[in-house]
Amino acid sequence: MQAPATGAGAGLGRRVARDELLLVLALSLGASAVSALISFTGVLTRPGGLGDHAANLNSSRAPDRPWLDLAWQLFGIATALVPVLLVAHLLSREGGFRPGSGLRVIGFDAARPRFDLAWGAVVAAGIGGSGLMLYLGAHAAGASLTVVPESLPEVWWKFPVLILSAIQNSVVEEVIVVGFLLLRLERLGWSPTGALVGSAVLRGTYHLYQGIGGFFGNVAMGVIFVWLYRRWGRVMPLVVAHALIDIVAFVGYALLAGRVDWLPTA
């Protein structure tokens, strides 16, 4: 990772790094964190416990018009990736648009596919299984909303869209809340511990719409992901892991909801 700026230009460098970080977060996960906080406040101030309310993740935009619905789904996925393109531009500009700059700086590339896929699968298995147990326990204890991973109509594009949505989530979150955030916080002079806490708390906050259980579960995931990123120097295994976790959650819910009694449904 790049060292914090020092010397005569350090003030300007830190100011630019701060402004870039704030703009990227305002266009993506920072805004999501504020939205989740407002949503959670709204749930807390409504009658009933957390378990009486639902958080819908992938829902239909035009239930009776499948082609229009598909267009909206693809539009939402594509526009959600724009902040990642902004991060790629900022990192490429910082590196003088030389080979090896851009998202390669944080290890978002195809340089080590076997490593990324293998370790991504291992991390997904460990975190996905424990995450499901945490969610079920939190829901039973009334600390989590009923998470509805998908409520799309039964159309031919349902599963491809769910998979694309999972990949989009993983790319946006790991590129921004791990790779870019840590890079910019280091430039701003944050300590390694402070940057880890900041990244993990941000991840937990934009999942707060799921309830208290979702917050703490994602904070724990954030701590693990930052530690792994620093160990490997790559976000790609984390993107793979996150994508696999979400694919299993989205597709698994579509296949199992209403067919098993242990899975909470709205």
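Since the structure is predicted, the reported quantities are computational estimates derived from the model, not experimental observations.

With reference to specific residues and values, describe helix α6 (residues 158-187).
Given 3.6 residues per helical turn, the α-helix brings residues three or four places apart onto the same face. Between the first and last C-alpha of α6 there are 42 Å, a value that for 30 residues agrees with the 44 Å anticipated at 1.5 Å per step. The largest bend in α6 comes to about 35°, at Leu-181. The element α6 is extensively covered by neighbouring structure, given that 24 of its 30 residues are classed as buried. Remark: Gly-189 follows α6 within two positions and exhibits a positive phi of approximately 90°.

Explain the packing of aromatic side chains to me, and be specific about the residues and the numbers.
A complete count under the given rule lists 5 aromatic pairs for this structure. Between Trp-67 and Trp-156 the ring centres are 5.7 Å apart and the planes differ by 55°, which places this aromatic pair in the tilted class. Of this pair, Trp-67 sits in helix α3 (residues 66-80) while Trp-156 sits in the loop between β2 (146-151) and α6; the two residues are 89 residues apart in sequence, bridging distant segments of the chain. Note on accessibility: Trp-67 and Trp-156 belong to one class, exposed. On the basis of an interplanar angle of 80° and a centroid distance of 5.9 Å, the ring pair of Trp-72 and Phe-75 is categorised as edge-to-face. Remark: Phe-75 and Trp-72 occur in helix α3; sequence separation between them is 3 residues, near one turn of the helix. Of the residues examined, Phe-75 reaches a relative accessible area of 49% and is grouped as partly exposed. Here a set of aromatic residues connected by ring pairs shows up, and it is made of Phe-115, Trp-119 and Trp-232. The lysine or arginine in question, Arg-61, covers the ring of Trp-72, its NZ or CZ lying 4.3 Å from the ring centre. The lysine or arginine in question, Arg-112, covers the ring of Phe-115, its NZ or CZ lying 4.0 Å from the ring centre.

Now, about the pairing of β2: what can you tell me, with residues and values included?
In terms of residue burial, β2 counts as a mostly covered element, since 5 of its 6 residues are buried. With 5 bridges joining them, strand β1 (residues 54-59) and β2 adopt parallel strand pairing. Bridge assignment links Ala-55 to a residue of β2, and that residue is Val-147.

Explain the pattern of salt bridges to me, and be specific about the residues and the numbers.
One pass over the structure, following the stated rule, counts 11 salt bridges. Glu-174 is the partner of Arg-203 in a salt bridge, and the nearest nitrogen-oxygen pair spans 2.8 Å. Of the two residues, Arg-203 sits in helix α7 (residues 192-205) while Glu-174 sits in helix α6, which places them 29 residues apart along the sequence. Residue class for Arg-203 comes out buried when judged on its relative accessible area of 0%. Each of Glu-20, Arg-93, Glu-94, Arg-184 and Arg-187 takes part in a single network of salt bridges with overlapping partners.

Help me get a handle on the side chain of Asn-218, residues and values and all.
Mapped onto the elements of the fold, Asn-218 is located in helix α8 (residues 212-232). Each residue touching Asn-218, except ones within four places of it in the same chain, is listed here: Ala-200, Arg-203, Gly-204, His-207 and Gln-210.

Provide a residue-level description of the packing of α6 against α7, including the pertinent values.
For the pair α6 and α7, interaxial distance at closest approach is 10 Å and the crossing angle is 150°. One way to sum up the angle between α6 and α7 is to call them roughly antiparallel. Regarding α6 and α7, the two cross each other, and that crossing is right-handed. Contacts between α6 and α7 involve Glu-173, Glu-174, Val-177, Val-178, Leu-181, Leu-182 and Leu-185 from the first element and Ala-195, Leu-196, Gly-198, Ser-199, Leu-202 and Arg-203 from the second. Classifying every residue of the contact of α6 with α7 gives 8 nonpolar, 2 polar and 3 charged.

Quick notes on the rules
- Residues numbered from 1 in each chain as written.
- Predicted model: local features only at pLDDT ≥ 70, side-chain atom pairs only at ≥ 80, totals over all residues.
- Heavy atoms only, no water.
- Helix = DSSP H or I, 4+ residues; strand = E, 2+ residues; numbered from the N terminus.
- Expected span 1.5 Å × (residues − 1).
- Bend = angle between axes of the 7 residues up to and from the residue.
- Buried < 20%, exposed > 50% of the residue type's maximum accessible area, 1.4 Å probe, protein only.
- Phe/Tyr/Trp six-rings, centres within 6.5 Å; stacked < 30°, edge-to-face > 60°.
- Lys NZ or Arg CZ within 6 Å of the ring centre and 35° of its normal.
- Pairing = 2+ DSSP bridges.
- Salt bridge = Lys/Arg side-chain N within 4 Å of Asp/Glu carboxyl O.
- Contact = heavy atoms within 4.5 Å.
- Axes fitted to C-alpha atoms, helices over the stretch in contact; angles between N-to-C directions.
- Parallel < 35°, antiparallel > 145°, perpendicular 65-115°, else oblique.
- Left-handed = near helix turned anticlockwise from the far one by under 90°.
- Nonpolar A, V, L, I, M, F, W, Y, C, P; charged D, E, K, R; others polar.

Scope: geometric values only; no functional claims are made or implied.
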